[in-house]
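Coordinate analysis (summary)
Letter by letter, the chains look like this.
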Amino acid sequence: MLKNIGKLSLNSESSLLFEPADSLNYSTHSFGLTSFVSPQIKRETFKKEVEQLEEKAPIQFTPEQRSKANPWIKYAAIFAVGIGITGVLGKQGLDWHENKIAAETLLVEKSVQQKVEDKIQQATFFY
């Protein structure tokens with residue numbers, strides 16, 4: 001028994017049977033919008049109105065024409081985007097390099113400071 005869904009059982013041919021529970025309605029036809037009757041579409045009246053309008057002002061379909069803009073504009077745009085990307089990546093690379101140099105400088109300064117302190121310590125005991 002599946003709670004609030006139904007019951008599974010085997011029949012005499014050892015086939016699995018499902019009996020839905022009657023307590024809840026799971027029918028997909030029971031959900032959604034209620035049915036309604038659509039009024040008939042009056043296509044002929046609209047068609048006559050369009051024909052009357054075409055007589056007054058005829059509609060002419062012309063194919064779309066693209067303007068032939070200067071071909072250098074797209075190359076200039078690509079160049080500008082490339083320069084922008086190079087600038088951003090170059091700035092990040094420069095920042096990374098400066099941070100690396102600063103970290104290495106700090107390590108060298110600590111090493112030198114430690115050597116100076118060791119020399120002072122040795123000089124104090126041997127003096």
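Residues numbered from 1 in each chain as written. Predicted model: local features only at pLDDT ≥ 70, side-chain atom pairs only at ≥ 80, totals over all residues. Heavy atoms only, no water.

Let us now look at the overall build of the protein chain. Looking only at helices and strands, the protein chain features two helices and two strands. Helices and strands appear in the protein chain in the N-to-C order β-β-α-α. Counting across all 127 residues of the protein chain, residues that qualify as buried make up 2%. In the form shown here, the protein chain has an accessible surface area of approximately 13100 Å², with 61% of it arising from carbon and sulfur atoms. (Helix = DSSP H or I, 4+ residues; strand = E, 2+ residues; numbered from the N terminus. Buried < 20%, exposed > 50% of the residue type's maximum accessible area, 1.4 Å probe, protein only. Areas by Shrake-Rupley, 256 points an atom, 1.4 Å probe, with all protein chains shown as cover.)

Here we come to the pairing of strand E1 (residues 6–10). The pairing of E1 with strand E2 (residues 16–20) spans five bridges and is antiparallel. Bridging across to E2, Gly6 finds its partner in Pro20. Between E1 and E2, which pair antiparallel and follow one another directly, the connecting turn spans five residues, one of which, Ser14, has a positive phi of 60 degrees. (Pairing = 2+ DSSP bridges.)

The phi angle at Ser14 is positive, at roughly 60 degrees, despite the residue not being glycine. Mapped onto the elements of the fold, Ser14 is located in the loop between E1 and E2.

A separate point is the pattern of salt bridges. In the structure shown here, the tally under the stated rule is one salt bridge. The shortest N-O distance in the salt bridge between Lys91 and Asp95 comes to 3.1 Å. Of this pair, Lys91 and Asp95 both sit in helix H2 (residues 72–126), separated by four residues, roughly a single helical turn. (Salt bridge = Lys/Arg side-chain N within 4 Å of Asp/Glu carboxyl O.)

Right, let's get into a nonpolar patch on the surface. A cluster of nonpolar side chains, namely Leu2, Ile5, Leu8, Leu10, Leu16 and Phe18, defines an oily patch on the protein surface of about 590 Å² accessible area. Relative to the elements of secondary structure, Phe18 occurs in strand E2. (Patch = residues over 30% accessible without salt bridge, like charges linked within 9 Å, V, L, I, M, F, W, Y side chains within 5 Å.)

On to a negative patch on the surface. A cluster of like negative charges, contributed by Glu44, Glu51, Glu54 and Glu55, occupies part of the molecular surface. Relative to the helices and strands, Glu55 resides in helix H1 (residues 43–56). (Lys, Arg positive; Asp, Glu negative; His and termini not counted. Charge placed at Lys NZ, Arg CZ, Asp CG, Glu CD.)

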